[in-house]
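# Structural overview
The lines below spell out each chain.
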Amino acid sequence: MRLGVSAKIFLAYAVLLLAFGASSIFTLLYLHSGRQEMSTNQRRRDLQAWVEAAGRALEGYSHAQPSPKGAGSIVSRMAAAGAIPFARDNLSEALNAIDEALAIEKDSLRQAEFQHYRHQVTSLETRLVEALVKDRGADDMTDLVGAFNQLGATMRKRNAAAALELIRDEQRGIEGALMLGGVGLLAAVGAALFMLRTLRPLQVLRLHARQIAGGDYGHRIEVSSRDEIGDLAREFDAMARAVEEREQRLIRSERLATVGRMAAQITHEIRNPLASIGLNVELLGDELGAADVESRKLVAAIGNEVDRLSEITETYLRFVRLPRPKLEREDLGAIATSVMEFARAELSMAGISLELKVAAGLPDVAADENQIRQAILNLVRNAKEAMPAGGRLRVEIQAVNAQVRLSIADSGPGIAAEHLGKIFDPFFSTKDKGTGLGLALVQQIIAEHGGRIEPQRPPQGEGGTVFVVALPALPPGERISAKVAEEPGPSEELEAKLS
């Protein structure tokens, strides 16, 4: 289950709130329970006081009473006339206290307890009335006083037990409060650590931002969380790669600008003199006689070198002044097939067998046909030059992941590992007479079409070089965006710098 940062913060807050709420509710419940128990215990004490007062009054009357048939019976009745009503009044107060307790108490056990007290007090009151009416003897009064004392003792024991229970409840309450407080403290510490762990990647992001600002794009953020911060870290890595690629493109653009300035200067200084030299060489050749074979060979050699230099200057100009591609919906398979048919005879004369495989149902691409033909032809001629003793050229076009990919594989010696990072640099060449602009021009054309070109390892067991050109595929029926068609490419950026 994926939790966002806000959900994690809410969860930590909920844990703290739960711990605090549990502690508060426990405390309130304990205080309420303790207050009820103290109130109930106070009612027991009041009830005990009324019963004991009645018992003391009867006990004094019992000690003062002689034999019920003796001469002091009149005095006894006079004493009873005062003691027994006083005892009845106390019992009435006790019954009132019991009724009040029954009306207030909600606990069934406590209600049962006070109902039991009411039954006993009512029974004592009945016996007390009988003693007054029937003029019981001393023995009967002694039994009645004993009943009062027994009820009072029972209440005292119950009050003592309730007091001990209150003490134990207080101890349990303190222990429970301490336990809940500890749990709450642990929850707070855990929530704090949880939030520190959740927000710690932000510190890593800040340090990584400083590294990127310092030009170090190689480090990657190792954040495994699946929340918004993890997404931000992954997007940050993607941004770092994009900035690095953009900086590499900027460096390459600066190199191209340097190349352009050099090419413009060379063209300006050499092109016209070369044309003049070529014309004069031709005139000189016409002046030489047929018998002067050696001189004609020298003039021909000079003319060939002039033509080669002219071709180099033209190559520089094509590289610098490559026009913006006029994008149209094109079939890359058809373009590649046309180029291969054009180059088939040339390849055959060089002893190179051609294998062409075009997948069926290829989607169209947005391309300038002339520039794509030029790029493919450059790759084919590079492959031909890499196989001077003949070999095999395999060309394959297929659709992969919303792209149309053109693969050109030769059976030559391959590219050395130390040269792979330089093959697209202007002027880099492993050929004795190469200009080093062929692959740079191809990469420039492919980049202006929104694609990419890269060398790949040949299939296991095979040698040679494999170049893969990938161009974005156009969905069926979709028109070419004017923004894409008019977007300035590297050549226009270069021309802007040159101007």
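You'll find the structure just up there.
What counts, and where the lines are drawn
- Residues numbered from 1 in each chain as written.
- Predicted model: local features only at pLDDT ≥ 70, side-chain atom pairs only at ≥ 80, totals over all residues.
- Heavy atoms only, no water.
- Helix = DSSP H or I, 4+ residues; strand = E, 2+ residues; numbered from the N terminus.
- Buried < 20%, exposed > 50% of the residue type's maximum accessible area, 1.4 Å probe, protein only.
- Contact = heavy atoms within 4.5 Å.
- 1 Å grid on protein atoms, 1.4 Å probe; cavity = no way out; pocket = protein on both sides within 12 Å on 5 of 7 lines; lining within 4 Å.
- Points joined across faces, edges and corners; volume = space filled by probe spheres on them.
- Nonpolar A, V, L, I, M, F, W, Y, C, P; charged D, E, K, R; others polar.
- Salt bridge = Lys/Arg side-chain N within 4 Å of Asp/Glu carboxyl O.
- Patch = residues over 30% accessible without salt bridge, like charges linked within 9 Å, V, L, I, M, F, W, Y side chains within 5 Å.
- Areas by Shrake-Rupley, 256 points an atom, 1.4 Å probe, with all protein chains shown as cover.
- Pairing = 2+ DSSP bridges.
- Axes fitted to C-alpha atoms, helices over the stretch in contact; angles between N-to-C directions.

Attention shifts here to the side chain of Asn 90. Looking at the secondary structure, you find Asn 90 in helix α2 (residues 73–104). When its relative accessible area of 6% is taken as the criterion, Asn 90 is described as buried. Asn 90 has contacts with Trp 50, Ala 53 and Ala 54, leaving out every residue within four places of it along the chain.

It is worth spelling out empty space enclosed by the protein at this point. A full pass over the atoms with the stated rule returns one cavity of 30 Å³ or more. Around the largest cavity sit Leu 332, Ile 372, Ala 375, Ile 376, Leu 379, Leu 406, Ile 446, Val 469 and Leu 471, which together line it. If you list the elements that add at least two residues to the lining of the largest cavity, you get α8 (369–385) and β7 (466–472). Looking at the lining of the largest cavity, the element that brings in the most residues is α8, giving four residues. By residue class, the composition of the lining of the largest cavity is nine nonpolar, no polar and no charged.

In this section: the pattern of salt bridges. Here the structure, examined in full by the defined rule, presents seven salt bridges. Residues Glu 454 and Arg 452 are paired through a salt bridge, measuring 4.0 Å at the closest nitrogen-oxygen approach. Given the relative accessible area of 30%, Glu 454 is considered partly exposed. Accessibility expressed as a relative area gives 37% for Arg 452, which makes it partly exposed. Salt bridges sharing partners connect three or more residues here, namely Glu 346, Arg 381 and Lys 384.

What follows deals with a nonpolar patch on the surface. On the surface, Phe 10, Tyr 13, Leu 17 and Phe 20 cluster together into a nonpolar patch covering about 510 Å² of accessible area. Looking at the element boundaries, Phe 20 is found in helix α1 (residues 5–64).

For a regular strand, side chains alternate in direction, first toward one face of the sheet and then toward the other. A large share of strand β5 (residues 403–410) lies buried, amounting to seven of its eight residues. With eight bridges joining them, strand β4 (residues 391–400) and β5 adopt antiparallel strand pairing. When the bridges of β5 are listed, Ile 397 appears paired with Leu 406. With antiparallel pairing between neighbouring strands as the criterion, β4 and β5 make up a hairpin whose turn holds two residues, including Asn 401 at a positive phi of roughly 50°. Two strands pair when backbone bridges link them, and β5 and β7 are joined in this way by seven bridges, in the antiparallel orientation. Looking at the pairing, Arg 405 lines up with Ala 470 of β7.

Attention shifts here to the sheet that holds strand β2 (residues 352–358). In spatial order, the strands read β2-β4-β5-β7-β6; together these five strands make up an open sheet with mixed pairing. Edge positions in the sheet fall to β2 and β6 (452–456), since each has one partner strand and no second. Averaged over neighbouring strand pairs, the angle between their axes works out to 15° when direction is ignored. Across the face of the sheet, helix α7 (residues 332–349) comes into contact with β2, β4, β5 and β7 while running at roughly 170° to β2. Contacting β2, β4, β5, β6 and β7, α8 runs over the sheet at an angle of about 25° to β5.

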